[in-house]
Amino acid sequence: MSEPFIKIENLSYLYEDDSVDNSPALEGLSLEITKGEFVAVLGHNGSGKSTLAKLLNMILTPTKGKIIIDGKDITSEALSDDDVLSLRRTVGMVFQNPDNQLVATIVEDDVAFGLENLGIPSDEIRRRVDEALSDFGMLEYAKHEPHRLSGGQKQRVAIAGVMAMRPECVIFDESTAMLDPLGRKEVLDSILKLNREKQVTVIMITHYMDEAALADRIVVLNDGKMLIDGTPSEVFEKERMLLDAGLAIPQCTELVHRLRDSGIVLDGDCVDLDDCVELIANSIKII
Amino acid sequence: MSGISFGQYYPARSLLHRLDPRIKIILTLLYIICSFMCKNIISYALLLFSAIILVIIGRVPVRIILKGLKGVLFILLFTAVLNIFWTTGDSLLWQWKFISIYAEGLYAALFIMIRISVLIIGTGMLLTYTTTPIALTNAIEDLLSPLKKLHVPVHSFAMMMTIALRFIPTLSEECERIMTAQKARGADFSSGGLIQRAKALIPVLIPLFVSAFNRAGDLATAMECRCYNGGEGRTRMNVRHLRFVDFIPLIVIIAFGAGLITLNILGIGYTA
């Protein structure tokens, strides 16, 4: 693993119509993401995390800095239309609002949409659509109309639509923010599945701590700058910094921290509920 | 609101439902032409008979057909009355003061009623009842695709139609939500005159428009991210290949039309 899959160098972005305060949405951000990694980008509203997503997908062009994806400089002006297409095929994107990203009136047609755009032969499209739908448990809904599905199901259709294009990396831009707890779980399971089983690089933009805990690595943004970069357990150790950035650590991690503060010895990291249960159980056994 | 169904599509399994939508559009056009070729009583009887046959093949309940006709009942009766009282001819049937009814008038009324009903039933059975809106859109795109050579943006129109169909339920849900929200703030949509009611809708329409524009922006981004690049070089998942069987209905309707022309030439029965 010599060359990183995504390399962000000194990236800055300033919204031009920002007349109120002229602080950039992103400032001097540098980041490297390797193939197959699962990175969560955390930050409260206005931290620049969504701007980052838009920059990665070439919806916005950076004011300063460079983004290199798979060896191609996507900020270069010499980028041809074909390059843009092939990059968008390599890096897929799932958005926040499940209603606003489904194009077709029937689930399977929507999954086929990207493939149809790429000009893939029809029998190959058929095959890939069925595969993607069954991968994300939506095959039985193939003929349904999107508006009759739940939020979580719609997002799974959107994921299937992106995955049918066989991307190497998928960016989730707060894809769970508008869902109920059940829908969130469905989508998170799908994200984990495509990262673990399909070895797809995942960048998950979120403001939920417990979601970020699922990632291999968390990047915390605050006011357009990188605040912390590390594994979930490393990040959650820095409770003070997170609170200053308007973020709260997961409840179970906080519980462990408080127990430690009151003198109870708990050895090990606590990222999710299972860790927490294990730590406390171990300490009770020792006593 | 989830029960909303747009168009008149009636889901069923029938030959007409399975027929290629492109063929159905051509059939409908030919059928309309046929209905205007009818000139005498036998051909009108045949036309009515063909509509009944269509309903039977299409397996759409008569109840639904009658509901469709109810919408044009006024036009049917109005044209019938006009024809009865205003047609003059040779055989006077009944006269009272200035009102006179001729046999020609009764025939004309009958014919116009048959023609209008058959047009409604025929287009319904061949298109709207048996074809989903999306299949119809795709078929229109296919049939009009030769116009692409003349730089008519056929694909864009079809895409617009598709997106409109996709967002009708979403926006109607949204509209209902906004109305509920405004009602909770004391808005009154159900009293006052026409102008007052129209004014009451402004606080619903403005948020609805704002949200529709936001959705459009999001959708455009999402489509771009999925490599949408206009119609160039696009393929389709479901390509329908026309087989010989698909052409049989065309042969039947052409034969039907030829039969009608023959009847006109022979001039059997009462001719209008």
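Heads up: the structure comes first, above all this text.
Residues numbered from 1 in each chain as written. Chains lettered and ligands numbered in written order. Predicted model: local features only at pLDDT ≥ 70, side-chain atom pairs only at ≥ 80, totals over all residues. Heavy atoms only, no water.

1. Comments concerning the overall build of chain B
Note the threshold: In this description a helix means any DSSP run of H or I spanning at least four residues, a strand means any run of E spanning at least two, and both kinds are numbered starting from the N terminus. Burial status follows relative accessibility: with a 1.4 Å probe on protein chains alone, a residue under 20% of its type maximum counts as buried, one over 50% as exposed, and anything between as partly exposed. Contact criterion: two residues are considered in contact whenever any of their non-hydrogen atoms come within 4.5 Å of each other. Here the Shrake-Rupley method, with its probe set to 1.4 Å, supplies the accessible areas, and only the displayed protein chains count as covering residues. Charge counting follows a simple rule: Lys and Arg are positive, Asp and Glu are negative, and His as well as the terminal groups are ignored. Every charge is mapped to an atom, namely NZ of Lys, CZ of Arg, CG of Asp or CD of Glu.
In terms of helices and strands, chain B carries 11 helices and two strands. Along the chain direction, N to C, the helices and strands of chain B fall in the order α-α-α-α-α-β-β-α-α-α-α-α-α. Across its three principal axes, chain B shows a C-alpha extent of roughly 70 × 55 × 35 Å. Residue burial in chain B is summarised as follows: out of 272 residues, 36% are buried. Sequence-distant contacts, at least 24 apart, represent 74% of the contacts inside chain B between residues at least 6 apart. Accessible surface for chain B amounts to roughly 16,100 Å². Of this, 70% is attributable to carbon and sulfur atoms. Between the centroid of the 25 positive side chains of chain B and the centroid of its 13 negative side chains there is a distance of 6 Å.

2. Remarks on the packing of aromatic side chains
Quick note on the threshold: The pairing test for Phe, Tyr and Trp rings, Trp by its six-membered ring, is centres within 6.5 Å, and the orientation test on the planes gives stacked under 30 degrees, edge-to-face over 60, and tilted for anything in between.
Overall, the coordinates contain six aromatic pairs over all chains when judged by the stated rule. With centroids separated by 5.6 Å and ring planes inclined at 25°, the aromatic side chains of Phe113 of chain A and Tyr228 of chain B adopt a geometry described as stacked. Residue Phe113 of chain A is located in helix 3 (residues 107–118), and its partner Tyr228 of chain B is located in the loop between helix 10 (202–225) and helix 11 (244–266); the two belong to separate chains. Take Phe113 of chain A: its relative accessible area is 3%, and that puts it in the buried class. Measuring from centroid to centroid gives 6.5 Å for Phe209 of chain B and Phe213 of chain B, while their planes differ by 40°, and the two rings are tilted. Taken together, the positions of Phe209 of chain B and Phe213 of chain B, both in helix 10 and four residues apart, correspond to about one turn of that helix. Under the relative-accessibility criterion, Phe213 of chain B is labelled exposed at 61%. Members of the aromatic cluster, connected to one another through ring pairs, are Tyr44, Tyr107 and Phe111 of chain B.

3. Let's talk about the interface of chain A and chain B
Rules: By definition, the buried area sums, over both parts, the 1.4 Å-probe accessible area that each loses when the two are put together. Any Lys or Arg side-chain nitrogen located within 4 Å of an Asp or Glu carboxyl oxygen qualifies as a salt bridge. Each polar contact in these results corresponds to two N or O atoms within 3.5 Å; when the atoms are within protein, one needs to be able to donate a hydrogen and the other to accept it, and residues that are neighboring in sequence are counted only if both atoms are side-chain atoms.
If you look at the interface, chain A gives 38 residues, while chain B gives 32 residues. Buried surface at the junction of chain A and chain B, summed over both partners, amounts to about 3,000 Å²; 55% is from carbon and sulfur atoms. Here chain A is connected to chain B by four salt bridges. Where Asp99 of chain A meets Arg166 of chain B, a salt bridge forms, and the shortest distance between an N and an O atom there is 3.9 Å. Taken together, the links from chain A to chain B amount to 15 residue pairs in polar contact (both at pLDDT 80 or more). Sorting the residues of the side of chain A that touches chain B by element identifies helix 2 (81–90), helix 3 and helix 4 (122–135) of chain A as the ones contributing at least two each. It is helix 3 of chain A that contributes the most residues to the side of chain A that touches chain B, 11 residues altogether.

4. Describing the pairing of strand 10 (residues 225–230) of chain A
Residues and elements named next belong to chain A. Rule in force here: DSSP-based pairing: two strands are paired if at least 2 bridges between them are found.
Two strands pair when backbone bridges link them, and strand 9 (residues 217–222) and strand 10 are joined in this way by five bridges, in the antiparallel orientation. Bridged to Ile218 within strand 10 is Gly230. The turn joining strand 9 and strand 10, which pair antiparallel and follow one another in sequence, is formed by two residues; a positive phi near 50° is taken by Asp223.

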